Amino acid sequence: WTFVMMYLLIYFSGRFYSYYPLIFGAFVPFGLVALADLYERKIKIVWLQRYDVNAGTSLALCASVLGMVFFAGNMRSLAYEKKDYPQYQIADVIQTSGIEHPTLMNYSFLDMGVDTVAGILPNQRFFCGFNLPLPDISAEQEACINNGCVDYVLTFMRTVESPNYELVEKYPSFYNVMGINPTYNLYRKTDGKP
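It should be emphasised that the depicted structure is a prediction, and the values quoted were computed from it without experimental measurement.

What counts as what
- Residues numbered from 1 in each chain as written.
- Predicted model: local features only at pLDDT ≥ 70, side-chain atom pairs only at ≥ 80, totals over all residues.
- Heavy atoms only, no water.
- Helix = DSSP H or I, 4+ residues; strand = E, 2+ residues; numbered from the N terminus.
- Buried < 20%, exposed > 50% of the residue type's maximum accessible area, 1.4 Å probe, protein only.
- Pairing = 2+ DSSP bridges.
- Axes fitted to C-alpha atoms, helices over the stretch in contact; angles between N-to-C directions.
- Contact = heavy atoms within 4.5 Å.
- Salt bridge = Lys/Arg side-chain N within 4 Å of Asp/Glu carboxyl O.

A.B. asks: I tried to follow unusual backbone geometry on my own but got confused; where do I start?
C.D. replies: Phi at His101 is positive, roughly 55°, even though this residue is not glycine. Considering the arrangement of structural elements, one finds His101 in the loop between helix H5 (86-95) and strand S1 (104-107). Non-glycine residue Ser108 carries a positive phi angle of around 65°. Of note, Ser108 is situated in the loop between S1 and helix H6 (114-118). Residue Ser108 is classed as partly exposed on the basis of its relative accessible area, which comes to 39%.

A.B. asks: Is there a simple way to explain the pairing of strand S2 (residues 152-156) in this structure?
C.D. replies: Looking along a regular strand, one sees the side chains alternate between the two faces of the sheet. Taking burial as the measure, the five residues of S2 include four buried ones, the bulk of the element. Direction of pairing for S1 relative to S2: parallel, over a ladder of four bridges. Note on S2: the bridge partner recorded for Met105 is Val153. By the bridge criterion, five bridges tie S2 to strand S4 (residues 183-189) in an arrangement that is antiparallel. Looking at S4, one finds that Leu154 is bridged to Leu186.

A.B. asks: When you look at the sheet that holds S4 in this model, what are you seeing that I'm missing?
C.D. replies: By way of backbone hydrogen bonds, the strands of a sheet pair with one another, either parallel or antiparallel. Taken together, the four strands give an open sheet; going across it, the order is S1-S2-S4-S3, and neighbouring strands pair in mixed fashion. Both outer strands of the open sheet, S1 and strand S3 (165-172), are each paired with one neighbouring strand and no more. Neighbouring strand axes in the sheet, compared pairwise and without regard to direction, differ in orientation by 20° on average. In terms of strand pairing, S3 meets S4 through seven bridges, oriented antiparallel. In the strand pairing of S4, Glu169 is matched with Leu186. Here H5 sits on the sheet in contact with S1, S2, S3 and S4, set at roughly 145° to S3. Of the strands in this sheet, S1, S2 and S3 touch helix H7 (residues 135-147), which is tilted by about 130° from S1.

A.B. asks: Can you help me understand the environment of Ile94 in this one?
C.D. replies: Considering the arrangement of structural elements, one finds Ile94 in helix H5. Measuring from C-alpha to C-alpha, the distance between Ile94 and Tyr152 comes to 8.1 Å, with 58 residues separating the pair along the chain. Not counting residues up to four positions away in its chain, the partners in contact with Ile94 are Pro102, Leu104, Val114, Ile120, Tyr152 and Leu186.

A.B. asks: Help me out: how do you make sense of the pattern of salt bridges in this one?
C.D. replies: When the charged atoms of two side chains with opposite charge come close together, those side chains can pair. This structure, assessed with the given rule, holds three salt bridges. Two residues, Arg125 and Glu140, come together in a salt bridge whose shortest N-O distance is 2.3 Å. One end of the pair, Arg125, is in the loop between H6 and H7; the other, Glu140, is in helix H7, with 15 residues separating them in the sequence. Taking the relative accessible area as the measure of exposure, Glu140 reaches 34% and is therefore partly exposed.

Have a look at this one:
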C-alpha cells in the first residue's frame, strides 16, 4: 500500500519532474529480497543453480554502474566546466555587482541553484516556484516584482514586465530540460523610473 499510495500521490499531483521516480528506490532492496526468496524456495531450475551468488551479485552491480553511466541524465555534465553553466555565470554577475547581501527570486520556476552558488539566503517565503501550483506563490511573487522587494529576478524563458526591473542578460544553456534548451533571464532592480 505504501508503494501504491506514493505512486498515486506523485503521478497524479499534476506535475512531473525527472527525479520523481528516485523515491521508489527505497523499494528495491525489498524486491531483491523477495526475488532471492523466490529463487531459494520456489524455483528449482538446474542451470540457475549452477551460478554462484557472489558472481551474480557482482554482475548485477556492474550492470547497475554501466546503466548509470549510459542512461543517467547528469553524466553529460562531466564534459563541462563550472564556468559553462548558467548558474555560475549568473552567480558571478551577482557577486561582482557590488550589492552587499544581494537578494534573488526565481520567478515562477524551481530553484536552479544560483542562490547556493552565489551564497544568497532567501529573504522571502516564496523565493522560487514549487512543485505544487499554489495561488499564494504566484500572488506573492507578482507582489514582490511590483514592489521591487528583491535585487535580482531570475526567469526561465519568461520576461518580467515591470518598471522596477531591467534585463541584465540572457543565459542560454547547452543542456536540455524537458525537451527544450532553456534560456534564463536575469533582471536587476532599477530605481523604479520607467
